[in-house]
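Letter by letter, the chains look like this.
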Amino acid sequence: MADVVKVRGADRVAATMHAAADDLRSMDAATRDYQQLLTAAARGFAPVRTGRLRASIRPLAAAVAATAPYAAPVEYGTAGRRPARFMARAVDRTESDADRVFTAGADHICDQIKGA
């Protein structure tokens, strides 16, 4: 005959772990926090003549992009222009922030798990 073990609160643990798993997949809050850091850094590195390029840098879905039509030639350079690399420098500058922001987001989600 098999022994039966009942865990008090198991339903709550399962439900909160399921919700936490959904949150971990998306990490929406952490993504938004990092996008704001990356956007600010990219705007700081962007060359300014009219301000349109800098103003075009903004979060889009799960990315940060410069949407001005001349953003790519400014970022990567052309035959007569050195690359500004403002987006690449922003990523380099905020790399340690990404670790901090996403770790804090994951920790917050895990703290939501309740149990017996």
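See the structure printed just above.
About the criteria used
- Residues numbered from 1 in each chain as written.
- Predicted model: local features only at pLDDT ≥ 70, side-chain atom pairs only at ≥ 80, totals over all residues.
- Heavy atoms only, no water.
- Helix = DSSP H or I, 4+ residues; strand = E, 2+ residues; numbered from the N terminus.
- Contact = heavy atoms within 4.5 Å.
- Areas by Shrake-Rupley, 256 points an atom, 1.4 Å probe, with all protein chains shown as cover.
- Pairing = 2+ DSSP bridges.
- Phe/Tyr/Trp six-rings, centres within 6.5 Å; stacked < 30°, edge-to-face > 60°.
- Buried < 20%, exposed > 50% of the residue type's maximum accessible area, 1.4 Å probe, protein only.
- Axes fitted to C-alpha atoms, helices over the stretch in contact; angles between N-to-C directions.
- Parallel < 35°, antiparallel > 145°, perpendicular 65-115°, else oblique.
- Left-handed = near helix turned anticlockwise from the far one by under 90°.
- Nonpolar A, V, L, I, M, F, W, Y, C, P; charged D, E, K, R; others polar.
- Lys, Arg positive; Asp, Glu negative; His and termini not counted.
- Salt bridge = Lys/Arg side-chain N within 4 Å of Asp/Glu carboxyl O.
- Polar contact = N/O pair within 3.5 Å; in protein donor to acceptor, adjacent residues only side chain to side chain.
- Expected span 1.5 Å × (residues − 1).

Undergrad: Can you walk me through the overall build of the protein in this structure?
TA: A count of helical and extended segments in the protein gives five helices and two strands. Mapped in sequence order, the helices and strands of the protein form the string α-α-α-β-β-α-α. A fraction of 55% describes how many contacts in the protein between residues 6 or more apart in sequence connect residues 24 or more apart. With an accessible surface of roughly 8200 Å², the protein has 55% of that area assigned to carbon and sulfur atoms.

Undergrad: I would appreciate a short explanation of the pairing of strand β2 (residues 63-66) in the present structure.
TA: Along any regular strand the residues' side chains alternate between the sheet's two faces. Here strand β1 (residues 57-60) pairs with β2 via four bridges, running antiparallel. Each bridged residue has a counterpart across the sheet, and for Arg-58 the counterpart in β2 is Ala-65. Where β1 hands over to β2, the hairpin turn is made up of two residues, of which Ala-61 adopts a positive phi near 50°.

Undergrad: For this particular structure, what's the right way to read the packing of aromatic side chains?
TA: A ring pair, where both rings are aromatic, is described by two values, the distance of the centres and the angle of the planes. For the structure on display, the rule yields one aromatic pair. On the basis of an interplanar angle of 50° and a centroid distance of 6.0 Å, the ring pair of Tyr-34 and Phe-102 is categorised as tilted. Of this pair, Tyr-34 sits in helix α2 (residues 28-45) while Phe-102 sits in helix α5 (residues 86-111); the two residues are 68 residues apart in sequence, bridging distant segments of the chain. The exposure class assigned to Tyr-34 is buried, which follows from its relative accessible area of 14%.

Undergrad: Is there a simple way to think about the packing of α2 against α5 in this case?
TA: When two helices pack together, their arrangement is given by the angle between the helix axes and the distance between those axes. Between α2 and α5, the shortest axis-to-axis distance is 8 Å and the interhelical angle comes to 155°. Classified by the angle their axes make, α2 and α5 are roughly antiparallel. Two packed elements cross with a definite hand, and for α2 against α5 that hand is right-handed. Across the contact of α2 with α5, the residue classes break down as 14 nonpolar, three polar and five charged.

Undergrad: Any chance you could explain the side chain of Glu-75 here in plain terms?
TA: If you trace the backbone, Glu-75 turns up in helix α4 (residues 71-76). With no salt bridge to any partner, buried Glu-75 finds its closest opposite charge in Arg-85, at an N-O distance of 4.4 Å. In terms of polar contacts, Glu-75 uses its side chain to reach the backbone amide nitrogen of Ala-88, at 3.1 Å. Not counting residues up to four positions away in its chain, the partners in contact with Glu-75 are Pro-83, Ala-84, Arg-85, Phe-86, Met-87 and Ala-88.

Undergrad: Explain α5 to me, please; I cannot follow it from the model alone.
TA: For α5, with 26 residues, the first-to-last C-alpha span of 37 Å sits near the 38 Å given by 1.5 Å per residue. Where α5 is concerned, the buried positions are Phe-86, Met-87, Ala-88, Ala-90, Thr-94, Ala-98, Val-101, Gly-105 and Ile-109.

Undergrad: Mind showing me how you'd approach α2 here?
TA: One full turn of an α-helix is made of 3.6 residues, so residues set three or four places apart face in the same direction. With 18 residues, α2 should cover 26 Å at 1.5 Å per step; its first-to-last C-alpha distance of 26 Å lies within 8% of that length. Considered for burial, the residues of α2 that qualify are Ala-30, Thr-31, Tyr-34, Gln-35, Leu-38, Thr-39, Ala-41, Ala-42 and Phe-45.

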